[in-house]
There are 2 protein chains.
Amino acid sequence: MKIGELARAAQCTVDTVRYYEREGLLPAPSRTDSNYRQYGPAHVERLRFIRNCRALDMAHEEIRALLQYSDQAGSDCSGVNALVDEHIAHVDVRIRELEQLRGDLIALRARCAHDSDVGSCGILQELSHRETDGRPPKHTHLG
Amino acid sequence: MKIGELARAAQCTVDTVRYYEREGLLPAPSRTDSNYRQYGPAHVERLRFIRNCRALDMAHEEIRALLQYSDQAGSDCSGVNALVDEHIAHVDVRIRELEQLRGDLIALRARCAHDSDVGSCGILQELSHRETDGRPPKHTHLG
DNA sequence: TTAAAACCTTGGAGCAACTACAGGGTCAAG
DNA sequence: CTTGACCCTGTAGTTGCTCCAAGGTTTTAA
């Protein structure tokens, strides 16, 4: 099959397929005489694997690790389990962060219940005058 | 004050300050004879405003809008309130998404309770064989 | 048969919000 | 007079794509 068909089979764009090839996630396929990429069922399976991982918000580095485990026939899958557990932990951390953020925003919003003049708006005042808290470094690849 | 002092006052790096200037968030200051940037208290306030917004995960575009409202003395602040409300809604959406994701990941993880061979690992099987769900487009700038 | 439509190719730029250099200039202390 | 701590500009890298441009090929329909 050609690249368009492969892309449709995995619900993504041809640009994305070519990008994965450049990134080394998807192996480069053989070419036709006219230099078109030619894919088989194994490529569909691999691409679906990648897209399923992405749907779970895994980073390319995590996917690369999973693919490596999966390519090492015979070894045990404890690494896979550990990786998924860590990824769940990332998601948990991000949920906590966003819940904290939500609380901060609600509190900020409450500083200006009525539509007043910008000069006396409690929101703008707080944003201008509050001490900056040093931003914590990211713990996860989730934004 | 020089750029390093300003950066310390707002808990960020000098690179970030220069970046905000390039982006038009922070006005370009005057320069000394030796071409050093020279800042005053108004710059500290503005930079703190920006950093406080960033601490609340607002995008530069949102911050730019807030700064514009705030620079229009005399107008009412309903735009500010609306923007904050929308931002809270973005955060809510992202929390829901991550909670859904968390559920999916827990379910996936349950497919391989025991450390087995990679060939029979339920996680890898599911990732390979599940139909790909078309990824929904992003609703927010929050990752 | 031929012309248009629908594919495919490579290469490069753009997004967001920085971060991290390289390769220089300036300034205060010892 | 030299060392170290600053400052300057400009450029490239990060992540996971997306969107061109400028061409070549294949399929379809008139």
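Look above for the structure.
Being a predicted model, the structure only gives us computed values, none of them experimental.

Colleague: Sorry, what's going on with unusual backbone geometry here?
Modeller: Across the chain, the bulk of peptide bonds are trans and the bulk of non-glycine residues have phi less than zero. Phi is positive for glutamine 11 of chain A, which is not a glycine, with a value near 55 degrees. Position of glutamine 11 of chain A relative to the elements: it lies in the loop between α1 (3–9) and α2 (14–23). Glutamine 11 of chain A sits in the partly exposed class, given a relative accessible area of 45%. Phi is positive for aspartate 57 of chain B, which is not a glycine, with a value near 65 degrees. With respect to the element layout, aspartate 57 of chain B can be found in the loop between α3 (41–55) and α4 (60–71). You can call aspartate 57 of chain B buried: its relative accessible area is 14%.

Colleague: What exactly am I supposed to notice about the relation of the copies chain B and chain A here?
Modeller: Each copy of the chain is related to the other by a rotation around an axis and a translation along that axis. The operation relating chain B to chain A is a screw motion whose rotation component is 180 degrees, with 0.0 Å of axial translation and a residual RMSD of 0.1 Å. Both chain copies can therefore be described as sitting about a two-fold axis. Among all C-alpha atoms of chain B, that of glycine 143 of chain B lies closest to the rotation axis, at 1.7 Å. Take the interface residues of chain B: 100% of them recur as interface residues in chain A, which is what a same-surface contact looks like.

Colleague: Explain the packing of α3 of chain B against α4 of chain B to me, please; I cannot follow it from the model alone.
Modeller: Axes are the key here: two packed helices are described by the angle between their axes and the distance separating the axes. All names here are of chain B. Where α3 meets α4, the closest approach of the two axes is 10 Å, and the angle between their N-to-C directions is 135 degrees. Relative to α4, α3 is oriented oblique. For α3 against α4, the interelement crossing comes out right-handed. Between α3 and α4, the contacting residues are Arg46, Phe49, Ile50, Cys53 and Arg54 on the first element and His60, Ile63, Leu66, Leu67 and Asp71 on the second. Grouping the amino acids of the contact of α3 with α4 by side-chain chemistry returns 6 nonpolar, 1 polar and 3 charged.

Criteria and cut-off values
Going along each chain's sequence as written, the residues are numbered from 1 onward. Chain letters and ligand numbers both follow the written order, the letters beginning at A and the numbers at 1. Whole-chain, interface and lining totals are the exception, using all residues; otherwise, since this is a predicted model, local features are given only for residues with pLDDT of at least 70 and side-chain atom pairs are given and counted only at 80 or more. Hydrogens are left out, water is left out, and the side-chain values use all remaining heavy atoms of the structure. Each helix is a run of H or I in the DSSP string that is no shorter than four residues. Each strand is a run of E no shorter than two, and both are numbered from the N terminus. Between buried and exposed lies partly exposed: a residue is buried under 20% and exposed over 50% of the maximum accessible area for its type, with that area taken using a 1.4 Å probe on protein chains only. In this comparison the copies share one frame, found by least squares on the C-alpha atoms of residues holding pLDDT of at least 70 in both. Here, two residues are considered to be in contact whenever any of their heavy atoms come within 4.5 Å of each other. Lines fitted to C-alpha atoms define the axes, with helix axes restricted to the stretch in contact, and inter-axis angles between N-to-C directions lie between 0 and 180 degrees. Roughly parallel means an angle under 35 degrees; roughly antiparallel means over 145; roughly perpendicular covers 65 to 115; every other angle is labelled oblique. By convention the crossing between two helices is left-handed if the near helix lies anticlockwise of the far one by an angle smaller than a right angle, and right-handed if it lies clockwise. Nonpolar residues are Ala, Val, Leu, Ile, Met, Phe, Trp, Tyr, Cys and Pro. Charged residues are Asp, Glu, Lys and Arg, and all others, Gly as well, are polar.

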